[in-house]
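Chain by chain, the residues:
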Amino acid sequence: MENDELTVALGGNVKWRFPSVHPEGVKFGLIAAAITGVLFLLGWEIAGWLMVIVTMWVLAFFRDPVRAVPQDENAIVAPADGLITLIQRVPPPREMAGADGLGDQPMIRVSIFMSVFDVHINRTPIGGTVKAVVYISGKFVNADLDKASEDNERQHILVERHDGVRVGFTQIAGLVARRIVPFVKPGDMVAAGQRIGLIRFGSRVDVYLPAGTAPRVVLGQRTVAGETILGQMGDMRVIKGIQQ
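These remarks concern the structure in this document.

Rules and cut-offs
Residues numbered from 1 in each chain as written. Predicted model: local features only at pLDDT ≥ 70, side-chain atom pairs only at ≥ 80, totals over all residues. Heavy atoms only, no water. Helix = DSSP H or I, 4+ residues; strand = E, 2+ residues; numbered from the N terminus. Buried < 20%, exposed > 50% of the residue type's maximum accessible area, 1.4 Å probe, protein only. Contact = heavy atoms within 4.5 Å. Areas by Shrake-Rupley, 256 points an atom, 1.4 Å probe, with all protein chains shown as cover. Core = buried A, V, L, I, M, F, W, Y, C linked by side-chain atoms within 4.5 Å. Axes fitted to C-alpha atoms, helices over the stretch in contact; angles between N-to-C directions. Parallel < 35°, antiparallel > 145°, perpendicular 65-115°, else oblique. Nonpolar A, V, L, I, M, F, W, Y, C, P; charged D, E, K, R; others polar. Pairing = 2+ DSSP bridges.

## A few points about the overall build of the protein
Check the secondary structure of the protein and you find 4 helices and 15 strands. Within the protein, the proportion of its 244 residues that are buried is 45%. Here the analysis covers contacts within the protein between residues at least 6 apart in sequence; of these, 71% occur between residues at least 24 apart. With the model as given, the accessible surface of the protein reaches about 13000 Å², and the carbon-plus-sulfur share is 60%.

Following this line, the structure appears as structure tokens:
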């Protein structure tokens with residue numbers, strides 16, 4: 001690293017700021033606030049105060065914090081905030097398999113479970129061109145279960161880097177979630193960590209690591225979308241973790 005780059009990396013300071021609410025959530029916040037007002041007007045104070053809590057939760061659910069994305073083209077960053085619940089070697093989803101997708105060989109899948117208290121704005125793991133966005137209707141079983149990857153409502157997104165490397169990831173609806181909202185479409189250019197969609201209200205995101213890439217996260221670890229590095233392309237070093 002050059003001296004001027006080191007100065008930029010080490011200099012200055014960053015102040016905390018209150019996260020904004022994503023526009024997708026404003027209408028839900030307004031609806032909750034309107035119900036709250038009606039309850040107070042009717043004199044139902046207990047119900048009104050309960051709705052105040054619900055309104056605050058709705059606004060918090062759709063919070064959209066700023067993230068510091070690592071500027072490393074070989075880094076695969078987490079697409080979601082949440083808990084690493086599964087790390088498995090599995091075949092790629094049939095909707096993303098084949099020569100035009102992720103191929104047909106088994107891949108390492110890292111699953112991130114999002115509770116209703118996590119940020120639900122999802123981000124792309126790598127920068128490149130969106131090659132496919134495939135929505136599939138389905139069931140709403142617990143997103144923490146392995147079979148959710150094949151049974152639940154889900155949306156596959158395939159991104160291809162400038163050198164042809166592809167990373168696929170899947171937004172999966174859960175018990176509470178009933179809507180996957182995309183922000184991108186095939187042909188769009190995206191930067192690593194860019195917002196690509198959200199899921200309402202509790203769900204999971206699966207990431208399929210490309211060949212020759214080992215996960216740099218462990219079961220039980222919490223991830224931060226756009227910041228946590230799930231793996232380094234071409235790096236097969238395996239790490240272990242201890243819960244303490």
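## Some points on the nonpolar core
In terms of nonpolar packing, the biggest core is built from 25 residues, with Ile 76, Ile 157, Phe 169, Val 207 and Leu 230 touching the most fellow members. Mapped by element, the contributors of at least two residues to this core are β5 (107-114), β8 (154-160), β9 (166-173), β12 (195-200) and β13 (203-209). No other element matches the 4 residues that β5 contributes to this core. In contact with Leu 230, not counting residues within four places along its chain, are Ile 76, Val 77, Ala 78, Pro 79, Ile 84, Ile 112, Val 207, Ala 214, Pro 215, Arg 216, Val 217 and Thr 223. Judged by nonpolar contacts, the second largest core, of 7 residues, contains Val 58, Phe 61, Val 119 and Leu 198.

## Brief notes about the packing of helix α2 (residues 23-41) against helix α3 (residues 45-61)
Geometrically, a packed helix pair is captured by the angle between its two axes and the distance between the axes. Here α2 crosses α3 at 170°, and the two axes come no closer than 8 Å. In terms of orientation, α2 and α3 fall into the roughly antiparallel class. Between α2 and α3, the contacting residues are Phe 28, Gly 29, Ala 32, Ala 33, Ile 35, Thr 36, Leu 39 and Phe 40 on the first element and Glu 45, Ala 47, Gly 48, Trp 49, Met 51, Val 52, Thr 55, Val 58 and Leu 59 on the second. Split into classes, the residues belonging to the contact of α2 with α3 amount to 12 nonpolar, 4 polar and 1 charged.

## A word on the sheet that holds strand β10 (residues 179-182)
Ordered in space as β6-β12-β10, the 3 strands form an open sheet in which the pairing is antiparallel. Looking at the sheet topology across the chains shown, the edges are occupied by β6 (121-123) and β10. Averaged over all adjacent pairs, the angle separating strand axes in this sheet is 25°, with direction ignored. Examined bridge by bridge, β6 and β12 share 3 bridges and lie antiparallel to one another. Considered in β12, the bridge of Asn 122 is made with Gly 197.

## Remarks on the sheet that holds strand β14 (residues 222-223)
Strand order in the open sheet formed by 8 strands is β11-β7-β8-β9-β13-β5-β4-β14, and the pairing between neighbours is antiparallel. Either end of the sheet is taken by a strand with one partner, and the two such strands are β11 (189-190) and β14. Examined bridge by bridge, strand β7 (residues 128-136) and β8 share 7 bridges and lie antiparallel to one another. Among the inter-strand pairings, Ile 136 is bridged to a residue of β8, identified as Arg 154.

From the geometry alone we can't say anything about function, so treat these as descriptive.
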